[in-house]
Amino acid sequence: MSSGKPDIRAFGQVSMADAGALARLAGTLPDDAVSISGSSLEIEFAGFYLDVDEFLETAAASMQPGDSGHLDYFDDENGVLTRYDLAPGGHESKSHRYDDILEHTKGDGNW
């Protein structure tokens, strides 16, 4: 990374009925990356490294039916966006290269 800009950005939101479980989930991420309001956890991070494995494992183990959430993980160094859809017991993820996301807008000036 030569530009001095963060390599990783992450944004997300999780809604959980259990306030204790929500606080434990927040504890898996840097303090300055999370905020809790009621039953909602907001995630906003920019930096050079973020290990989301513990977050994903804790979410899978803690979420109950009716809980929901997602995490968008932007790897700017490699140009890849991964969307994690969170659910009780696990998560689903899809990754896309930035170029592939913008491919359909090439005629609109995104080259």
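Above this text sits the structure in question.
These remarks concern the structure in this document. Treat the numbers as computed from the prediction; the structure is a model and nothing was measured.

## With respect to helix α1 (residues 19–26)
Right, on to step 1. All buried positions along α1 are accounted for by Ala21, Leu22, Leu25 and Ala26. Buried residues along α1 cover an arc of 140 degrees about the axis, so they all sit on one side.
Right, on to step 2. Packed against the buried residues of α1 are β1 (8–15), β2 (34–37), β3 (40–47) and α2 (53–62).
Right, on to step 3. By the N-cap criterion, in which a side-chain oxygen at the helix start approaches the backbone nitrogen of a residue two or three places on, α1 is capped by Asp18, the distance to Gly20 being 2.9 Å.

## Some thoughts on the sheet that holds strand β4 (residues 68–75)
Strand pairing within a sheet occurs via backbone hydrogen bonds; the two strands may be parallel or antiparallel.
Right, on to step 1. The antiparallel open sheet is built from six strands, whose spatial order is β2-β3-β1-β4-β5-β6. Both outer strands of the open sheet, β2 and β6 (90–97), are each paired with one neighbouring strand and no more. Across the sheet, the axes of successive neighbouring strands diverge by a mean angle of 10 degrees, strand direction being ignored.
Right, on to step 2. The sheet contact formed by strand β5 (residues 80–87) and β6 spans eight bridges and is antiparallel. Note on β6: the bridge partner recorded for Leu81 is His96.
Right, on to step 3. Each of β1, β3, β4, β5 and β6 touches α2; the most contacted strand, β5, lies at about 20 degrees to it.

## What about the packing of aromatic side chains?
Right, on to step 1. Under the definition given, this model contains two aromatic pairs.
Right, on to step 2. Taking the centre distance of 6.0 Å and the plane angle of 80 degrees together, the rings of Phe11 and Phe74 count as edge-to-face. One end of the pair, Phe11, is in strand β1; the other, Phe74, is in strand β4, with 63 residues separating them in the sequence.
Right, on to step 3. Take Phe74: its relative accessible area is 19%, and that puts it in the buried class.

Conventions adopted
The numbers attached to residues start from 1 for each chain and follow its sequence in the written order. Owing to the predicted nature of the model, reporting of local features is limited to residues with pLDDT of at least 70; listing and counting of side-chain atom pairs is limited to 80 or more, with chain, interface and lining totals taken over all residues. Only heavy atoms go into the side-chain values, all of them from the structure, while hydrogens and water stay out. The buried label goes to any residue with under 20% of its type's maximum accessible area, the exposed label to any with over 50%, and the partly exposed label to all in between, with areas taken from a 1.4 Å probe on protein chains only. Numbering of helices and strands runs from the N terminus; a helix is a DSSP stretch of H or I covering at least four residues, while a strand is a stretch of E covering at least two. By construction, the arc corresponds to the directions joining the helix axis to the C-beta atoms. Here, two residues are considered to be in contact whenever any of their heavy atoms come within 4.5 Å of each other. Polar contact criterion, stated in full: a pair of N or O atoms within 3.5 Å, where within protein one must be able to donate a hydrogen and the other to accept it, and residues adjacent in sequence count only if both atoms are side-chain atoms. For two strands to count as paired, DSSP must find a minimum of two bridges between them. Angles shown run from 0 to 180 degrees and are taken between the N-to-C directions of axes, each axis being a line fitted to C-alpha atoms and, for helices, limited to the stretch in contact. Whether two aromatic rings pair depends on their centres lying within 6.5 Å, for rings of Phe, Tyr and Trp, where Trp uses its six-membered ring; planes under 30 degrees apart make the pair stacked, over 60 edge-to-face, and the rest tilted.

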